[in-house]
Amino acid sequence: MPEYEFVDVYVPRGVSRKEATRLLTDHAEYGHWELHRLSLLRDGSRRVRLRRRIIRQVRATW
């Protein structure tokens, strides 16, 4: 079963959809994050949860 780490990003109300898309695209491209959940709040702000897979390296035995 894969393990993931999560990060929560808060996007305030005044940020346009285009700017929010650019912000999340940068996280995806440079940090290898993927969208897990997006919540649009009543005041127009967005709460975004991103995740990325944790890759555990197996130690070589000699």
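A brief report on the enclosed structure follows.

Here is what the cut-offs are and how they apply
Residues numbered from 1 in each chain as written. Predicted model: local features only at pLDDT ≥ 70, side-chain atom pairs only at ≥ 80, totals over all residues. Heavy atoms only, no water. Phe/Tyr/Trp six-rings, centres within 6.5 Å; stacked < 30°, edge-to-face > 60°. Lys NZ or Arg CZ within 6 Å of the ring centre and 35° of its normal. Helix = DSSP H or I, 4+ residues; strand = E, 2+ residues; numbered from the N terminus. Buried < 20%, exposed > 50% of the residue type's maximum accessible area, 1.4 Å probe, protein only. Contact = heavy atoms within 4.5 Å. Polar contact = N/O pair within 3.5 Å; in protein donor to acceptor, adjacent residues only side chain to side chain. Pairing = 2+ DSSP bridges. Salt bridge = Lys/Arg side-chain N within 4 Å of Asp/Glu carboxyl O. Lys, Arg positive; Asp, Glu negative; His and termini not counted.

**Re the packing of aromatic side chains**
1) Next: Following the criterion strictly, the structure yields zero aromatic pairs and no others.
2) Next: Across the ring face of Phe6, the terminal group of Arg49 is positioned such that the distance to the ring centre comes to 5.2 Å.

**Examining the environment of Arg51**
1) Next: With respect to the helices and strands, Arg51 occurs in strand β3 (residues 46-54).
2) Next: Taking relative accessible area as the criterion, Arg51 reaches 21% and is therefore assigned partly exposed.
3) Next: Arg51 sits 15 residues away from His36 along the chain, and the two C-alpha atoms are 6.0 Å apart.
4) Next: Once residues lying within four places of it in the same chain are set aside, the contact partners of Arg51 are Tyr4, Glu5, Phe6, His32, Trp33, Glu34 and His36.
5) Next: A polar contact is formed between the side chain of Arg51 and the side chain of Glu34, at a distance of 2.7 Å.

**Some words on the pairing of β3**
1) Next: For strand β1 (residues 3-11) and β3, the ladder comprises nine bridges, and the chain directions are antiparallel. Bridged to Phe6 within β3 is Arg51.
2) Next: Where strand β2 (residues 34-40) and β3 come together, six bridges link them in antiparallel fashion. Paired with Leu40 across the bridge in β3 is Arg46.
3) Next: Linking β2 to β3, which pair antiparallel, is a turn of five residues; within it Gly44 sits at a positive phi near 95°.

**Structural notes on the pattern of salt bridges**
1) Next: Going through the model one piece at a time under the given rule, you end up with four salt bridges.
2) Next: Here Arg56 and Glu3 are joined by a salt bridge, their closest N and O atoms 3.1 Å apart. A residue pair is termed long-range when its members are at least 10 positions apart, and Arg56 in the segment after β3 and Glu3 in strand β1 qualify at 53 residues.
3) Next: What makes Glu3 partly exposed here is its relative accessible area of 41%.

**Digging into the side chain of Arg46**
1) Next: If you trace the backbone, Arg46 turns up in strand β3.
2) Next: Of the side chains with opposite charge, Glu19 comes closest to the buried, unpaired Arg46, at an N-O distance of 8.2 Å.
3) Next: Reaching out from Arg46, the side chain makes a polar contact with the backbone oxygen of Val15 at a distance of 3.4 Å.
4) Next: Setting aside its immediate chain neighbours within four residues, Arg46 contacts Val9, Tyr10, Val11, Val15, Ser16, Arg17, Ala20, Ser39 and Leu40.

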